[in-house]
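Read off the chains here:
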Amino acid sequence: MDFNVKKLASDAGVFFTRAVQYTEEKLGQAEKTELDAHLENLIARADCTKNWTEKIFRQTEVLLQPNPSARIEEFFYEKLDKKLPTRTTNAELLGQYMQDAAKDFGPGTPYGSTLITVGEYQKRLGGAERELLQTSAINFLTPLRNFLEGDWKTISRERKLLENRRLDLDVCKARLKKAKLAEAKAAAEQELRLAQTEFDRQAEVTRLLLEGISSTHVNHLRCLQEFVEAQAAYYAQCHKHMQDLQKELSSANGDTFPNAFATNASASGVSAGHSPLATATLPGASSPSHPHNASNALGSGTLKIEEVKPPATGTRKAKVLYDYDAADTSELSLLADELITVYTVPGMDPDWLIGERGNQKGKVPVTYLELLS
C-alpha cells in the first residue's frame with residue numbers, strides 16, 4: 001500500500017494546531033469564535049432531544065421486555081441482521097402449564113376443568129401481549145432507534161466537522177495577529193478568508209440538519225400516539241378476556257364452588273374484605289358471630305328442606321370449624337371437627353349451604369365450615 005507522506009504530515013500538522021488552539025482556549029490564552037445564538041439554541045435543543053429520546057427508548061424496552069437477558073439476545077440478533085426466533089410469553093407459558101397440570105389432575109374434575117379454562121385465557125392474554133410487543137417495536141421503538149442510530153450520528157458528524165472548521169478559523173486569526181511582514185500578513189489573510197468560507201459553509205449545513213429536529217418531533221409524536229393506541233387496544237383485550245373468564249367460571253362453577261367467584265360484594269351481603277369463605281378457611285380463627293336469620297336462605301322460603309335434593313354433581317366435603325346450634329328445624333346442628341357433605345341450590349343465600357350428615361339434612365352457615373377439595 002502506498003502512503004502519501006506529505007498528506008500524512010499535513011494532517012498531523014493540522015491536528016496538532018487544532019489541539020494547541022483548543023488547549024489555549026480552555027486555558028483562556030486564545031480567543032474563540034462563538035456561534036450565533038440561533039445555532040446555539042438549535043444545538044441545545046438537539047442535545048435535549050437526543051438525551052430524552054435515548055432514555056424513553058431504553059425505558060420502553062424495559063417496559064416491553066423486563067428480562068435483560070432477552071433484551072441482550074434481541075440486540076445481538078438485530079446486529080447480526082437475523083430474525084429473532086419466536087419467544088413464548090410468560091402468560092402463554094403459564095397457560096400451557098395449567099393445561100398440562102389439568103391432564104394429570106383429570107380434565108373431568110372441577111379443578112382440572114377450571115385449569116383448562118383459565119389456561120386457555122392465559123394463552124389469549126399472552127397472544128395480546130405478543131401483538132403489543134410487535135406493534136410497539138414497529139411503530140414506536142424502530143423510529144426512535146432510527147433517529148439515534150441514523151439522523152443523530154449524521155448530526156454529530158457534521159457538528160464535529162463544524163468544530164474543526166471553527167478551530168481552523170481561530171488558528172488563522174491567531175496567525176494573522178502574529179504576522180509581522182507584509183508577505184506573511186497577506187498569506188495569513190488568504191488562509192483566513194478560506195477558513196471563514198469553510199466555516200460558514202459548514203455552519204449552514206449543520207444548521208439545516210439541526211432544524212430538521214422539528215420534523216423529528218412531529219414524527220415521534222405520531223409514533224407516540226400509535227404506541228398509546230396499541231397499549232389501549234392491549235389493555236382493552238385483557239379486560240375483555242378477564243371479564244369473559246369470570247363469567248365462564250361463574251357459570252360453570254357457581255353451583256360447585258359457592259362464593260368462590262363472587263365479584264360483587266353487595267350480592268353476598270358482606271364486604272370484599274370479610275368474605276365468608278375467607279373466614280371459613282382460617283381454622284385458627286375464633287368462632288364467628290351467629291349468622292343472620294336463615295329464613296330467606298332458600299329464596300322465597302316456600303321450598304321445604306326435606307324436598308331439597310342434592311345435585312348429581314357438585315357436592316363437596318366440608319370440615320366443621322365450630323359448634324353450631326340450629327336455630328330452627330330447617331337448619332342442621334354442627335359439632336366441631338366433624339365432616340359433612342355440602343352443596344348449594346339455585347337461588348340460595350350465598351352465606352348458607354345445604355348440609356347432610358347421614359339421614360340428617362339442613363341449612364348450615366358457610367362461615368362455620370372449611371370446604372375441602
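Here, the structure is the one placed above.
The rules behind these values
- Residues numbered from 1 in each chain as written.
- Predicted model: local features only at pLDDT ≥ 70, side-chain atom pairs only at ≥ 80, totals over all residues.
- Heavy atoms only, no water.
- Helix = DSSP H or I, 4+ residues; strand = E, 2+ residues; numbered from the N terminus.
- Areas by Shrake-Rupley, 256 points an atom, 1.4 Å probe, with all protein chains shown as cover.
- Core = buried A, V, L, I, M, F, W, Y, C linked by side-chain atoms within 4.5 Å.
- Buried < 20%, exposed > 50% of the residue type's maximum accessible area, 1.4 Å probe, protein only.
- Contact = heavy atoms within 4.5 Å.
- Expected span 1.5 Å × (residues − 1).
- Arc of directions from axis to C-beta.
- Axes fitted to C-alpha atoms, helices over the stretch in contact; angles between N-to-C directions.
- Parallel < 35°, antiparallel > 145°, perpendicular 65-115°, else oblique.
- Left-handed = near helix turned anticlockwise from the far one by under 90°.
- Nonpolar A, V, L, I, M, F, W, Y, C, P; charged D, E, K, R; others polar.
- Pairing = 2+ DSSP bridges.

Participant: Can you help me understand the overall build of the chain in this one?
Facilitator: The number of helices and strands found in the chain is 9 helices and 5 strands. Its helices and strands taken in sequence order, the chain reads α-α-α-α-α-α-α-α-α-β-β-β-β-β from the N to the C terminus. Accessible area of the chain: about 23000 Å², with a carbon and sulfur share of 56%.

Participant: Honestly, unusual backbone geometry in this entry has me stumped. Any pointers?
Facilitator: Excluding glycine, residues mostly have negative phi values, and the peptide bonds linking residues are mostly trans. Even without being glycine, Asp 337 reaches a positive phi, approximately 80°. Relative to the helices and strands, Asp 337 resides in the loop between strand 1 (316–320) and strand 2 (339–343).

Participant: Could you clarify how one ought to interpret the nonpolar core in this entry?
Facilitator: When a protein is soluble and globular, its nonpolar side chains tend to lie buried together. Counting residues in each nonpolar core, the largest one holds 32 residues, and the members touching the most others are Leu 35, Leu 39, Leu 162 and Leu 210. Put simply, the parts of the chain that give this core at least two residues each are helix 2 (37–64), helix 5 (110–178), helix 6 (182–211) and helix 7 (213–253). No other element matches helix 5, which puts 13 residues into this core. When sequence neighbours within four positions are dropped, the list of residues in contact with Leu 39 reads Leu 162, Ala 203, Arg 207 and Leu 210. Among the nonpolar cores identified, the runner-up in size contains 22 residues, and Ile 305, Leu 332, Ile 354 and Leu 371 belong to it.

Participant: Just to check I follow, could you spell out helix 4 (residues 90–105) for this structure?
Facilitator: Across its 16 residues, helix 4 extends 22 Å between first and last C-alpha, which sits within 8% of the 22 Å expected from 1.5 Å per residue. Among the residues of helix 4, those classed as buried are Ala 91, Glu 92, Gly 95, Met 98, Gln 99 and Ala 102. Viewed along the axis of helix 4, the buried residues span an arc of 120°, placing them on a single side of the element. Away from its buried face by more than 90 degrees, helix 4 exposes Asn 90, Tyr 97, Lys 103 and Asp 104. The secondary structure elements touched by the buried residues of helix 4 are helix 5.

Participant: When you look at the packing of helix 5 against helix 6 in this model, what are you seeing that I'm missing?
Facilitator: Think of two packed helices as two axes; the pair is described by the angle between the axes and how far apart they sit. Where helix 5 meets helix 6, the axes come as close as 8 Å, and the angle between the chain directions of the two elements is 160°. One finds that helix 5 runs roughly antiparallel with respect to helix 6. Once helix 5 is placed against helix 6, the crossing between them reads as left-handed. Grouping the constituent residues of the contact of helix 5 with helix 6 by class yields 14 nonpolar, 4 polar and 11 charged.

Participant: Before we go on, may I ask you to explain the sheet that holds strand 5 (residues 369–371) in this structure?
Facilitator: In sheet architecture, strand pairing relies on hydrogen bonds along the backbone and comes in two forms, parallel and antiparallel. The antiparallel open sheet is built from 5 strands, whose spatial order is 4-3-2-1-5. Since the sheet does not close on itself, it has two edges, and those belong to strand 4 (360–365) and strand 5, each with one partner. When strand polarity is set aside, the average angle formed by the axes of neighbouring strands in this sheet is 40°. Here 3 bridges tie strand 1 to strand 5, and the two strands are oriented antiparallel to one another. Following the sheet pairing, Ala 318 is matched in strand 5 by Leu 371.

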